[in-house]
Every structure is written in structure tokens, then in C-alpha cells.
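Now for the letters of each chain:
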Amino acid sequence: MTQSVVIQVGQCGNQIGCCFWDLALREHAAVNQKAIYDEAISSFFRNVDTRVVGDGGSISKGKICSLKARAVLIDMEEGVVNEILQGPLRDVFDSKQLITDISGSGNNWAVGHKVFGSLYQEQILEKLRKSAEHCDCLQCFFIIHSMGGGTGSGLGTFLLKVLEDEFPEVYRFVTSIYPSGEDDVITSPYNSMLAMKELNEHADCVLPIDNQSLFDIISKIDLMVNSGKLGTAIKPKSLVTSSAGAFKKRQEKPFDAMNNIVANLLLNLTSSARFEGSLNMDLNEISMNLVPFPQLHYLVSSLTPLYTLADVNIPSRRLDQMFSDAFSKDHQLIRADPKHSLYLACALMVRGNVQISDLRRNIERLKPSLRFVSWNQEGWKTSLCSVPPVGHSHSLLALANNTCVKPTFIELRERFTRLYRKRAHLHHYLQIEGMEESCFTEALSSLSALIQEYNQLDATKSMPAEELPRLSIAV
Amino acid sequence: MSIVTVQLGQCGNQIGFEVFDALFSDSHCPQGLCSKRENEAYQASCKERFFSEEENGVPIARAVLVDMEPKVINQTLSKAAHSGRWKYGQHSCFCQKQGSGNNWAYGYSVHGPRHEESIMNLIQKEVEKCDSLNGFFIIMSMAGGTGSGLGAFVTQNLQDQYSNSLKMNQIIWPYGTGEVIVQNYNSILTLSHLYRSSDALLVHENDAVHKICAKLMNIKQISFRDINQVLAHQLGSVFQPTYSGEGSFHYRRNPLGIDWQVRPPLSGLPTRGKMSLNKEFHFNTSIANLVILRGKDVHSAELGAFKDPALYTSWLEPVHAFSVWKTQRAFSKYEKSAALVSNSQFLVKPLDTIVGKAWNMFASKAYIHQYTKFGIEEEDFLDSFTLLEQVIASYCNLGF
């Protein structure tokens, strides 16, 4: 069994991270009734004897003593991290695994990347090495950050290069929150563009998510909850947006609902690696199956169900509905329309009491309405994990490598160009040591090259699949 | 006469458990529909073949369990121990922490050499427990990374180290519509390597077994457990003891035995021009068929239809191509049961399909960087394609 380390960077990254750890504890508490420190829990948590002073005290087996998250918290402002450390989750975090500053990055990628990057490089390396040492077999770094700000965007992506150099064999999965159109940070297009170049070059896999989609999901749920037309109540723990049953029993903060969705995404992503099932899927299989070419590593995610109704009886029709929902626009965590674009590859990660025949039946049913690239007509990767998420009897996470991410990138490029043309706010960046105009132009061409790759693939959509001549053998 | 089983990867280990369970259940079946003496001889033979004895009398499967991550092996071990009837050896497993990531290259080029010594030592220990070795039964899937890549590596090693022993690989052919996206690459690499080192490849297609569960057994929600149990049942009916030449009570036949393989005539294969006009192209052309009959009336069964020349390729006399094994002892409480093992053209279509899809993907170079990262180059792919096209062509030519 392998371990993963979560690196949460910036305000957004840390808020999401906090929700993640909360829900992770809830999930493991539900599965691990006897409070034994087992391999599943060890993937994200250390078991520490708090009586031992100093660094020792890691216990590898037996009863759970005190769980510590395998996390590194980074923020250049103290507000968010301090709140976490004073909140109900304070004991879950190792106080030594923090890097904070006071002044913040001022929504400036260059400050986050260049200034704080060089200032904190040594400390960052030290904390990362420490967390790696605590792992028996470290497989994956999960980086959580936003693209539009300064710390998450700049320092978060600075980290990627450090990780690549220091831990080349460990996968780098990045969960990136992309700014929506009405973002109030004026310089977010610059920050996102500069961050994109780093993601292109140094991430193994990126899960782009945008706030608008999360918001839409919440609105949809609210509508369902308040409509009352179904008559039956929704199980509170099953809401993909809630922390019911978790530690944070206090009133939820405004972004908590949205952050919980992302937290659930990460839990479901890693479920088949942590828990048993009849068809396991480890984290290294995600990259292997979903990344046909190194640059095309952006995966569109969708989660279903969003809630469970209180009645327990689940006819198979509802199971099939879960599969249909996963491919609907409304369930995507980024505004995208995969059904009308081209699939390069698709992964279905199922949890709960679902068998291979259910999976096959639904793939057969949905296949005709989806367009796959000619060289990967059967591009499905599937996994079955027996343990369902809290509050549900089954769930599905669909990860798609699909050209439908292209509009997000094109829009980003447009917003960037509008600002850059007028050279608005550019001086804030250029005055930082190490920043030149070439940083911007290189980032722009990196993104354009990526968009071009997607364009070329889209062009093949309408072409008939050609049967290539096979090798002819003299018998 | 014992068989050492090597279970590789998730698939191999999940199936392996069901196989040993099926073999054990059948051999301890009180209703053998035969005499007590017959039943005892059968039981003893099965026991010696697949299990060794422990001090407290609990049979231990003659198996080595290999996987690159621990979840499945842990489950398999505990399932066996829980049953209380048989179990796996305490030290018969080899496990690592991080899997092969569905990457054939990783299984073959990284895990293989790294763990070669440990795995071969485990197998050696198991072999030493046998009075005499019939051969190896290796269970693996083609679609993943460990079963396929490491399986190919281990089979090669068995060929080098135990060149006089038979090796039969149980290959699981993945569902046509994806379990793993790179399954076609992994499959062609596996098959081309196994062709050079294995003696026999016993193939089960997930699609076919799935159909059996759905259509013949009417199972509504089919799980992998159901599929594996059907498979195990089939394998059991092939591997359980049958009479050797001497007749009843003598169970010394080697189930891995190559008496169902056939060699082409020394004078060479006939040229394509000759076509038998009498042949109606109804059947898959075979080069060897083995029928195994168990239970009531086995000695009076009419098998003439299997000796029809139309079943076989033109350069074979049916008498050389067809074999039958029998025992009066019933299998798994079925009064009469029959199994057919066939070396025929049945695999041409599935093989052709996989090669075609892999070729298509290869032409676009998709995913190749994942393999070259670990030392499997484009030439290795081309070699595999070449070899498999030859296999397809050879089987196709049987029809003439």
C-alpha cells in the first residue's frame, strides 16, 4: 500500500484542504469501526504517539493513537492557516509541517513564484523530505491550489518544479481551481496564464475545476432540497456538499459547500487505491491510462450522485441514472460539454455495491452517444471499489481526457490577451526580480501550443476512422 | 505428480483462489457416484497434485502468490484461511507496495529483474516440496501490468530454470470494451513473449464467460466472483484426475501433458492450392481436440462425431488429433459432465481484433511514452506485431 502527501497552497488550497481532511476522517471513521490503524488509513494519515516528544513516536500498527495528516500547509498570509490551527481540526495537523509568512502575495504570481519561491525553497524542501521520510512507499503528491491568485498560483506552481527535481518518481496530481469569468481579481488572467505553463511542463495530471460549476451544483442541490416535490427527505450525510457527521460541526463557511465537492472528488479518486474491490485502480494507473501524450494531461471530472434520498431501496434503474448523470453537463466540475467533444480516454471509478455487469451494461448503453478518438474507440478504464462513500450505497467518479477543456483554455487566453495588449498592471510583475516580458510570451505560446494539439484532435472528429494496412507476413 | 501454481496480479490471485476452492470441494465430494476405493484413489491423486500436507492436517495449496501491491493477496489469504478447509502457505507470497500501474513495461522491465531472485526462490521452495513435478500452471491476465508483464518475465525464467518441466499459462482475455485502456498493447506484448517461452496457453475470454453467466446461468447482477467461479469450474473439470493408460483406480495422467499438441508433418505443410472439395466450411478447423468425460457411462459414450475429418486440417488424421480422457468418478456432483479443450481457429477473430486495435493505436503513437520510459521501445512493439501476425496467418491457413 502506498502513501500520498497533500500539499495545500494559498487561501483556496488550504480551505479546500481543510474540508478534505475533515471528510477523510469521517470516511475512515465510518469504514474502520474498530479504530485500528490499517493500511487504508495510512495512505493519508500517520499514527503518532503524542506522549513521545520530538519527532519519533510514529506507530505503524495497532490501535489508533493520534492521527496526523500527511500534509504540508503553505500560505504567505497567516489568516487561513491560523484559523485551521485553532479550529476543531488542529490536532490533525503537525504544527511543524507549515510554511507561512505575513505579507501575502498580493494576487501576484511573480511574488508567489519568484520572491517567495526563492525565499522558502530550503524550508519547502525540508518539509517535503520530512513528510516523504514518514512514508513507507510514497506514490503521489496531491497539490491543491487556485490559479487566479498569487500564492496558490505562483508558489504552488513553483513547488511543482521542486517536486519534479527532488522526487522524480512520485506522481504530481494537481487540483487547480480556475477563475470564473466574473472573477474579482483583475490580474487573475496573468496569474492563470503563468501558472498554466508550469502545469503544462511539470504536472503529471491536472484536474481543472471552476467555481462557477461548483456554484451551479450547489444551486441544483438547493433547488432539490427546497422544492419538496419529492416528498422524502435527503439523507444529510449524503450531500456531496455537506460536512454532516464530520468534525466541523460549527456553522459552515460560505465556501465550505463548494470545497466539500472538491474534497469528495479527491476521496473518490483515491478510494480504489485505499480500499478493496474486485477491480482495483491504483493512482499510477490514472496517469498510465488517461494520458496518451505527455502534454495532454488535463482531466475533466464529474461526480454522481450529488445526494441520496432517504429511502433505501435502489432499483437498478437508479443505478443506470447515476451513469447517465456522470456524462451530463450539470455534473461536471468544470464548465465543459464532453458529450459534444472528442474523448481521448475515459475512466469510470465506481464505489459500492455495483458489479461488472452493471458497469458493462451502462458502457454499452452510453457508448453510442459519445465520440471517441479513432485510435481509442474502446478507451474505457474502469474500477470497482467495494466500499461506498459515506451516506451512499454507491457512487461514480468519471474522469475524462476530452477536448472539451479547450474552451476554458481559449477563454483564458482571450482574457489574458485583452489585458496584455493594454499592458495593464504589467509593471507589478516586471518589477519583480527574475520576471521579464519573455515569461509572458513563453506562457502564451505554451498555452497556444496546447490549444493547437486539441484543435488537431478535434479535426479528426469528423473524419472517418481509417483502417490502417496491417503488416503483411510471408507464411 | 504435482503441479505448482503461480498466481500473478489481481486477476491471477482472485482466480487462483476459486480454482483451489473448486478442486478441493470436488475432491471432498462424498457423492462421487463410484466405489469408495475409486473415490479414495481420486482424492489422493488430486490432493497430491494440488495440495501439500501440514502437521495439523489442513491441506496447503501448492501455490506461489505474487502481486506488486498487497490488497488482493491479503484478501485471498484471509478468504482461504477463513474457509477452514484449506489454506495457502504462510510464506508463499511475494508482495510489494506499489503496483505496476497497468504498465507491461513496468511489470516486465522493472519489477521482473528487481524481484527475480525472490520470486524464483519462492517457486523453488514450492517445487522442492513435490515428490515429482508435473509442471507449472501460471494464472495471469493480459490487460494489466503485473499479471501480464511480470507474468511474461516469470514464465521466461521458468523456461530457463526448469526447461524440462511443462508450463501452461492460463490467460484471461479482457472484455472487448475496455477494462484498461492500454489493454491491447499489454496483450500483444504478453502474447508475443509467452509464445517464445510457454508450452501451452489456455485462454478464457471475459466476454465469453460473462455470456455463460448471463445466458446459461441466468445470473442477474454478474460479479467478478461469478465469472471466476465459472472459470474455476471449467479448469477443475480439466485438471482433476483422469484414468491413465492402465484404467480405473490409476490416476497418473499429467493434466498439463502435451499429448493434445500436434506437430506438423515432417514433409512440410501442403501448399494452399489443394482444397478438399468435400469440406463444408461449418467448423472451426482444429489441430487438436481433447474431450474429458466424467461420471456415469463414460465408457460407453459415443464420440464418433469428434473424429470427423471435417473438423481437422487437411494434413491431420483425426486419430492423431483427437484424444479422450475419462473417469467414472463424477465431478462436482454432476452425474455426467464433459469438457472440451481445443486447439483451433477459435482464437483467430479475437486475436485479430486485438492486434488490429493495438496497431491502430500504435500508428498514432498514443501512450508509447509510458512504455519507452521503462525500456520497451517501438522495435519491441514491432517484433510483437510481427510474431502475432504470423500466428494469425498460420491458424488461418489451417482452413485449407
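Residues numbered from 1 in each chain as written. Chains lettered and ligands numbered in written order. Predicted model: local features only at pLDDT ≥ 70, side-chain atom pairs only at ≥ 80, totals over all residues. Heavy atoms only, no water.

Chain B carries the name Tubulin delta chain in an unreviewed UniProt entry, which gives Monodon monoceros as its organism. As recorded by UniProt, the Function (unreviewed entry) comment attached to chain B reads in full: "Acts as a positive regulator of hedgehog signaling and regulates ciliary function." Checking UniProt for chain B, the heading Subunit (unreviewed entry) contains the comment "Found in a complex with TEDC1, TEDC2, TUBE1 and TUBD1." (UniProt positions renumbered as here; feature names shortened; annotations may be inferred.)

Going by an unreviewed UniProt entry, chain A carries the name Tubulin epsilon 1 and comes from Monodon monoceros. Note on chain A: under the UniProt heading Subcellular location (unreviewed entry), the record states "Cytoplasm, Cytoskeleton". Quoted verbatim from the Sequence similarities (unreviewed entry) field of UniProt, the annotation for chain A is "Belongs to the tubulin family."

Time to look at the overall build of chain A. When helices and strands are counted, chain A shows 14 helices and 13 strands. C-alpha atoms of chain A, sized along the principal axes, occupy 60 × 60 × 60 Å. Scored against the burial criterion, the 475 residues of chain A give a buried share of 61%. Sequence-distant contacts in chain A: of pairs separated by 6 or more residues, those separated by 24 or more amount to 82%. Accessible area for chain A stands at about 18400 Å²; split by element, carbon and sulfur atoms hold 52% of it. For chain A, the separation between the mean place of its 47 positive charges and that of its 53 negative charges on side chains is 6 Å. (Helix = DSSP H or I, 4+ residues; strand = E, 2+ residues; numbered from the N terminus. Buried < 20%, exposed > 50% of the residue type's maximum accessible area, 1.4 Å probe, protein only. Contact = heavy atoms within 4.5 Å. Areas by Shrake-Rupley, 256 points an atom, 1.4 Å probe, with all protein chains shown as cover. Lys, Arg positive; Asp, Glu negative; His and termini not counted. Charge placed at Lys NZ, Arg CZ, Asp CG, Glu CD.)

So, on to the sheet that holds strand β1 (residues 2-8) of chain B. Through backbone hydrogen bonds, the strands of a sheet pair up, either in parallel or in antiparallel fashion. Residues and elements named next belong to chain B. The strand order across the open sheet formed by six strands is β6-β4-β1-β7-β8-β9, and the pairing between neighbours is parallel. Looking along the sheet, the strands with just one partner apiece sit at the ends: β6 (93-95) and β9 (200-205). Between one strand axis and the next, the sheet turns by 15° as a mean value, whatever way the strands run. The sheet contact formed by β1 and strand β7 (residues 133-141) spans six bridges and is parallel. For Thr5, the partnering residue across the bridge sits in β7 and is Phe137. (Pairing = 2+ DSSP bridges. Axes fitted to C-alpha atoms, helices over the stretch in contact; angles between N-to-C directions.)

Another point: the nonpolar core. A:Ile7 and B:Ile123 are the most contacted members of the largest nonpolar core, which has 192 residues in total. Element by element, the count of residues in this core is highest for helix α8 (residues 256-274) of chain A, at ten residues. If near-sequence neighbours (up to four positions away) are discounted, A:Ile7 is found in contact with A:Val72, A:Ile74, A:Leu128, A:Phe141, A:Phe142, A:Ile143, A:Ile144, A:Leu159 and A:Leu163. B:Phe17, B:Phe137, B:Leu256 and B:Leu290 belong to the second-largest nonpolar core, a separate cluster that totals 36 residues. (Core = buried A, V, L, I, M, F, W, Y, C linked by side-chain atoms within 4.5 Å.)

Looking now at the interface of chain B and chain A. Size of an interface: often given as the accessible area lost when the parts come together. Each partner contributes residues to the interface: chain B has 54 residues there, and chain A has 55 residues. Where chain B meets chain A, there are five salt bridges. Of the charged contacts, one joins A:Glu378 and B:Lys357 as a salt bridge, the two residues approaching to 3.1 Å between their closest N and O atoms. Among the secondary structure elements, those contributing two or more residues to the side of chain B that touches chain A are α1 (9-27), α3 (70-83), α7 (206-216), α8 (224-239), α10 (348-363), α11 (368-372) and α12 (378-397) of chain B. Across the side of chain B that touches chain A, the residue classes tally to 20 nonpolar, 24 polar and ten charged. (Salt bridge = Lys/Arg side-chain N within 4 Å of Asp/Glu carboxyl O. Nonpolar A, V, L, I, M, F, W, Y, C, P; charged D, E, K, R; others polar.)

All names here are of chain B. Within the open sheet, the three strands sit side by side as β2-β3-β5. Their pairing is mixed. Each of the sheet's edge strands pairs with one partner strand only, and the pair in question is β2 (51-52) and β5 (87-88). Note: β2 against strand β3 (residues 60-61), two bridges, orientation antiparallel. Looking at β3, one finds that Phe51 is bridged to Ala61.

Another aspect to go through is the packing of helix α6 (residues 188-202) of chain A against helix α14 (residues 437-459) of chain A. Residues and elements named next belong to chain A. The interhelical angle for the contact between α6 and α14, taken along N-to-C directions, is 65°, at an axis separation of 9 Å. Both α6 and α14 take part in a crossing whose hand is left-handed. From α6, Tyr190, Met193, Leu194, Met196, Lys197 and Asn200 reach across to α14, where they touch Cys439, Phe440, Glu442, Ala443, Leu444, Ser446, Leu447 and Leu450. (Left-handed = near helix turned anticlockwise from the far one by under 90°.)

Take the pattern of salt bridges next. Overall, the coordinates contain 32 salt bridges over all chains when judged by the stated rule. Of the charged contacts in the structure, one is a salt bridge between B:Asp352 and A:Arg470, with a shortest N-O distance of 2.8 Å. Placement of the pair is B:Asp352 in helix α10 and A:Arg470 in the segment after α14, with the two residues belonging to separate chains. Taking the relative accessible area as the measure of exposure, B:Asp352 reaches 31% and is therefore partly exposed. For A:Arg470, a relative accessible area of 25% translates into the label partly exposed. If you follow the salt bridges from partner to partner, you end up with A:Glu27, A:Arg274 and A:Arg351 in one network.

Moving on to the state of the cysteines. All names here are of chain A. Inspection of every chain in the model, using the stated rule, returns zero disulfides over all chains. Cysteine Cys19 remains unbridged, with the sulfur of Cys18 as its closest cysteine sulfur at 6.0 Å. By relative accessible area, which is 0% here, Cys19 ends up buried. The thiol of Cys385 is not disulfide-bonded; the next cysteine sulfur, from Cys140, is found 17 Å away. (Disulfide = S-S within 2.5 Å.)

Attention now moves to the pairing of strand β4 (residues 63-67) of chain B. Residues and elements named next belong to chain B. Most of β4 is tucked away, with five of its five residues classed as buried. Note: β1 against β4, four bridges, orientation parallel. Considered in β4, the bridge of Gln7 is made with Leu65. Two strands pair when backbone bridges link them, and β4 and β6 are joined in this way by three bridges, in the parallel orientation. Within the sheet, the bridge partner assigned to Val66 lies in β6 and is Phe94.

This part is about the environment of B:Ser100. On the secondary structure map, B:Ser100 appears in the loop between β6 and α4 (104-128). A relative accessible area of 5% means that B:Ser100 is categorised as buried. It is 8.6 Å that separates the C-alpha atoms of B:Ser100 and B:Gly149, two residues lying 49 residues apart in sequence. Residues within four places of B:Ser100 in sequence aside, it is in contact with A:Asn284, B:Met68, B:Tyr106, B:Gly107, B:His111, B:Gly145 and B:Thr146.

Before going further, it helps to examine the environment of B:Ala41. Residues and elements named next belong to chain B. By the secondary structure assignment, Ala41 is in helix α2 (residues 36-50). According to the relative accessible area criterion, Ala41 is partly exposed, its value standing at 21%. Considering only alpha carbons, one finds Ala41 and His250, 209 residues apart in sequence, at a separation of 7.4 Å.

A complete count under the given rule lists 45 aromatic pairs over all chains for this structure. Between A:Phe142 and A:Phe173, the ring centres sit 5.6 Å apart and the planes meet at 50°, which makes this aromatic pair tilted. One end of the pair, A:Phe142, is in strand β6 (residues 138-146); the other, A:Phe173, is in strand β7 (residues 171-178), with 31 residues separating them in the sequence. Look at A:Phe142 and you get buried, because its relative accessible area is 2%. Seen from their ring centres, B:Tyr185 and B:Phe381 are 5.0 Å apart, and the 70° between their planes marks the pair as edge-to-face. (Phe/Tyr/Trp six-rings, centres within 6.5 Å; stacked < 30°, edge-to-face > 60°.)

For the rest of this paragraph, the subject is the side chain of A:Asn402. All names here are of chain A. In this structure, Asn402 sits in strand β13 (residues 394-402). Within the structure, the side chain of Asn402 is placed 2.8 Å from the backbone nitrogen of Cys404, a separation counted as a polar contact. Not counting chain neighbours up to four residues away, the residues in contact with Asn402 comprise Pro338, Ser341, Leu342, Tyr343, Leu344 and Tyr454. (Polar contact = N/O pair within 3.5 Å; in protein donor to acceptor, adjacent residues only side chain to side chain.)

Residues and elements named next belong to chain A. One can describe the packing of helix α5 (residues 151-166) onto α6 by two numbers: an axis separation of 9 Å at closest approach and a directional angle of 15°. It follows that α5 is roughly parallel to α6 by the angle criterion. As for how α5 packs across α6, the hand of that crossing is left-handed. Within the contact between the two elements, α5 uses Ser153, Thr157, Leu160, Lys161 and Glu164 and α6 uses Asn191, Ala195, Glu198, Leu199, Glu201 and His202. For the contact of α5 with α6, a count of residues per class yields three nonpolar, four polar and four charged. (Parallel < 35°, antiparallel > 145°, perpendicular 65-115°, else oblique.)

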